[in-house]
Structure formats: C-alpha cells, structure tokens
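Fold and contact review
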Amino acid sequence: MFSAQQYVKATSLQQALELNQKRSSAILGGGCWMRLGKKNYATLIDLSGLGLDTIEETPEEIVLGAMVTLRQLETSPVLAAAFGPLFARMTEHIVGVQFRNCATLGGSVVSRFGFSDIITGLLALDCEVELVQKGRVSLADYVQMPYDRDVLARVILKKNGRRAWYESFRNTETDLPVLNCAVSCLNGSARVVVGARPARAVMQEFGQMPSEQRLQEMLDKTEFGSNMRAGAEYRRQLAGVLCRRAIEQVKGDAECR
Ligand SMILES: Cc1cc2nc3c(=O)[nH]c(=O)nc-3n(C[C@H](O)[C@H](O)[C@H](O)COP(=O)(O)OP(=O)(O)OC[C@H]3O[C@@H](n4cnc5c(N)ncnc54)[C@H](O)[C@@H]3O)c2cc1C
C-alpha cells in the first residue's frame, strides 16, 4: 500500500498540474493500481473536487471527465445510446462491480497498460484526450507518447455514428485479458484494434470491412508475445477468432456491410 506525506485536494486543474511536476508527486485516481505499490509520495493530488466525474453530451461529442469510474462507463445510458453495448462489454470483466466503482477512466488511460480493455475499446472510436498542459491530442497519438507529468482532464468521443463491437478472452472470468479486440465502422470504412497482445494495442484502418485475407495480413504483421497467460502463437490464433466475431457483429449494421 502506498503512503503520502501530504494530501492536496486540488482546487483547479492548473494547481494539480503544478503540484504534479515533482517526481515525488502523484495524481490520485481511484487508487486501485497505486495501492499495489509501496511508494511514499511527497504529495498526493486528488482531483475529486473538480467536477470531473461526469459524462456530458453535446450535439457533436460526449465528454467524459477523468474521474468517471469504470462502472459509470459500463452503465451510462448516454454511452449505450451512442455506441450500443461497447462500453458495457469492455468493462464488465474488470475484476468486479466494487472495483469498477473505484477505478477511474483517467487512471486507466494514463497508465496505458498493455493489457488494457479501456484503451482497446476507446481506440475503436474517434477519441481524443484533453491534457492540462498539451491540450487535446488524439488517443492514437497519446498511446504512443512517453509517460510524462501532464494531467489528464477529460476524454472526448466524437458522436459521428461510428458503430463498434468489443471482444475479449480471459482464462477466468475476471482475470486480465489474454487478448482483446475491437472493430468499428463509419461510412463503410472499418477499423480493427487488437490489444493485450500482451503489449499496447495496435490499430489498422481499412477502406471497407476487411476480407478474410486482409485481416490475416494485418494479424501476420502484428507482433504477439508470450507470458504466464498464453503463448504468442495462441494469441495470434485467438486474435483471428475474436476479430472475425467482432466483424460479424459490426456487419449486422446495414451501413457496415
Ligand atoms: C487487480 C487488478 C486487475 C485489473 N484488471 C484489469 C482488466 O482486466 N482490464 C483492464 O483494462 N484494466 C484492469 N485493471 C486496471 C484498472 O482497470 C485501472 O486501470 C487501474 O486500477 C488504474 O485506475 P485507477 O483509477 O485505480 O488509477 P490510480 O491507481 O489512482 O492511478 C494509476 C496511475 O495513473 C495516474 N493518474 C490517475 N489519474 C490521472 C490523471 N487524471 N492524470 C494524470 N495521471 C493520473 C496515477 O498518478 C498513477 O500513476 C486492473 C487493475 C487491478 C489493480
């Protein structure tokens, strides 16, 4: 369990950013991952007083605050109306309801875990992150950026009618995923995302729903790794199965055939 010499409930995002510049400081999300470590932080910065726990809808966008919990993502009627069961599917196997009531979107996105269900699901959408220092950056670019001391304020989803589906495979119901994938479609074009390889997710755009051959070409050039959950070759085979299932689901939508 971590400890801290000083706890600060931030009164503004600017203050949070300034306090977070020291290497001995940390932003506190749900604390679910941090609590696995034993660090003694000089300053813990709590964002919970900044109104970042809301899901807000405008005509063009859905704006998710960094302190929105995974459970909020799972149960939000706004997200379900815009993206069907995508958010429920990408969160429902993460540990359990009590855990998902604590773990935050901000902590999940900033951490960019190789096993992340959240990053894989979000990459299927047209998604940006809003950083206090750097402003808006596409999630696809953010995933490639090195870790730094910026603060994630919000995640923004374009409401453009993109259809998406999510698949994951686990050895047991609530374990980390052995592999996950998401497929989406907009105006006939498709995007395939493969994550938990077990490295960070990779994505590829296709001018139309990928044929069996095009999908196989993508998977052939994707690197898969081995760990205690599965071997690389098993993951490659699994990726084919999960991507085909997701493609079939998305094809169910008339605009995506
Ligand atoms: C046992 C266990 C099982 C898990 N299983 C899965 C799984 O199956 N699938 C999956 O996708 N995820 C899984 N996770 C990850 C989990 O879903 C969360 O992503 C993780 O707990 C981080 O979220 P948090 O709110 O707890 O962040 P914290 O632990 O509070 O923070 C994590 C890191 O992010 C930083 N941070 C937090 N918020 C911000 C912010 N707004 N700006 C800048 N930095 C910030 C913190 O300083 C810290 O370095 C698991 C985690 C655990 C502990």
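Before going into details, it helps to say that this report is about the structure given with it. Remember, it's a predicted structure, so these values are computed and weren't measured experimentally. The written sequence of each chain sets the order in which its residues are numbered from 1. Under the rules for a predicted model, residues below a pLDDT of 70 receive no local features and side-chain atom pairs below 80 are neither given nor counted, while totals for whole chains, interfaces and linings still include all residues. Side-chain measures were taken over the full set of non-hydrogen atoms in the model, leaving aside hydrogen atoms and water.

1. Notes on helix 10 (residues 232-251)
Each helix is a run of H or I in the DSSP string that is no shorter than four residues. Each strand is a run of E no shorter than two, and both are numbered from the N terminus. How far a helix is expected to stretch is found by multiplying one less than its residue total by 1.5 Å. The terminal C-alpha atoms of helix 10, which comprises 20 residues, lie 28 Å apart, in line with the 28 Å expected from a rise of 1.5 Å per residue. Listed in full, the buried residues belonging to helix 10 are R235, L238, A239, G240, L242, C243, A246, I247 and V250. The contact criterion used is simple: two residues touch if any of their non-hydrogen atoms lie within 4.5 Å. Tucked into the core, helix 10 has its buried residues touching strand 9 (163-169), strand 10 (179-186), strand 11 (189-195) and helix 9 (212-221). Residue exposure (1.4 Å probe, protein chains only): buried if accessible area is under 20% of the type maximum, exposed if over 50%, otherwise partly exposed.

2. Quick look at the packing of helix 9 against helix 10
The geometry of helix 9 relative to helix 10 is characterised by a closest axis approach of 10 Å and an angle of 140° between their N-to-C directions. As judged from the angle between their axes, helix 9 and helix 10 are oblique. Seen along the crossing, helix 9 lies across helix 10 with a hand that is right-handed. Touching E212, L215, Q216, L219 and D220 of helix 9 are R236, A239, G240, C243, R244 and I247, all from helix 10. Side-chain classes follow a simple rule in which Ala, Val, Leu, Ile, Met, Phe, Trp, Tyr, Cys and Pro form the nonpolar group, Asp, Glu, Lys and Arg form the charged group, and the remainder, Gly included, forms the polar group. Here the residues of the contact of helix 9 with helix 10 are counted per class, giving 5 nonpolar, 2 polar and 4 charged. Angles run from 0 to 180 degrees between N-to-C directions of axes, and those axes are lines fitted to C-alpha atoms, restricted for helices to the stretch in contact. Oblique is the label for every angle not falling under 35 degrees (roughly parallel), over 145 degrees (roughly antiparallel), or within 65 to 115 degrees (roughly perpendicular). Rotating anticlockwise by less than a right angle from the far helix to the near helix defines a left-handed crossing, while the corresponding clockwise rotation defines a right-handed one.

3. Side note on helix 9
Those residues of helix 9 not exposed but buried are L215, M218 and L219. Along helix 9, the residues classed as buried sweep out an arc of 95° about the axis, all on the same side. Opposite the buried face of helix 9, at more than 90 degrees from it, the exposed residues are Q213, D220 and K221. Looking at the buried side of helix 9, the elements it contacts are strand 11, strand 12 (202-206) and helix 10. For this quantity, the arc is that covered by the directions from the helix axis to the C-beta atoms.

4. Describing unusual backbone geometry
Along the chain, R197 connects to P198 via a cis peptide bond; the corresponding omega equals 15°. You can see P198 is positioned in the loop between strand 11 and strand 12. Look at N187: it is not a glycine, yet its phi comes out positive at around 50°. Tracing the sequence through the fold places N187 in the loop between strand 10 and strand 11. In the Ramachandran plot, A196 falls in the positive-phi region, its phi being about 55° despite a non-glycine side chain.

5. So, the environment of V97
Relative to the helices and strands, V97 resides in helix 5 (residues 97-100). Among the residues examined, V97 registers a relative accessible area of 37% and is labelled partly exposed. On a C-alpha basis, the gap between V97 and L70 in space is 8.9 Å, while along the polypeptide they are 27 residues apart.

6. Here we look at the packing of aromatic side chains
What counts as a ring pair is set by centres within 6.5 Å for rings of Phe, Tyr and Trp (its six-membered ring), and what kind of pair is set by the plane angle: stacked under 30 degrees, edge-to-face over 60, tilted for all other angles. Under the defined criterion, the tally for this structure stands at 5 aromatic pairs. Aromatic pair W33 and F115: ring centres 5.9 Å apart, planes at 45°, arrangement tilted. Pair noted here: W33 is in the loop between strand 2 (25-28) and strand 3 (40-46) and F115 is in the loop between helix 6 (105-111) and helix 7 (117-123), with a separation of 82 residues, a long-range link. Taking 4.7 Å as the distance between ring centres and 10° as the angle between the ring planes, the aromatic pair formed by F113 and F115 counts as stacked. Its relative accessible area of 22% is what places F115 among the partly exposed residues. Counting every residue linked through ring pairs, the aromatic cluster contains W33, F113 and F115. Both a distance and an angle decide whether a charge sits over a ring: NZ of Lys or CZ of Arg must be within 6 Å of the ring centre and within 35 degrees of the ring normal. Here R112 stacks its cationic end above the ring of Y142, 3.9 Å away from the centre of that ring.

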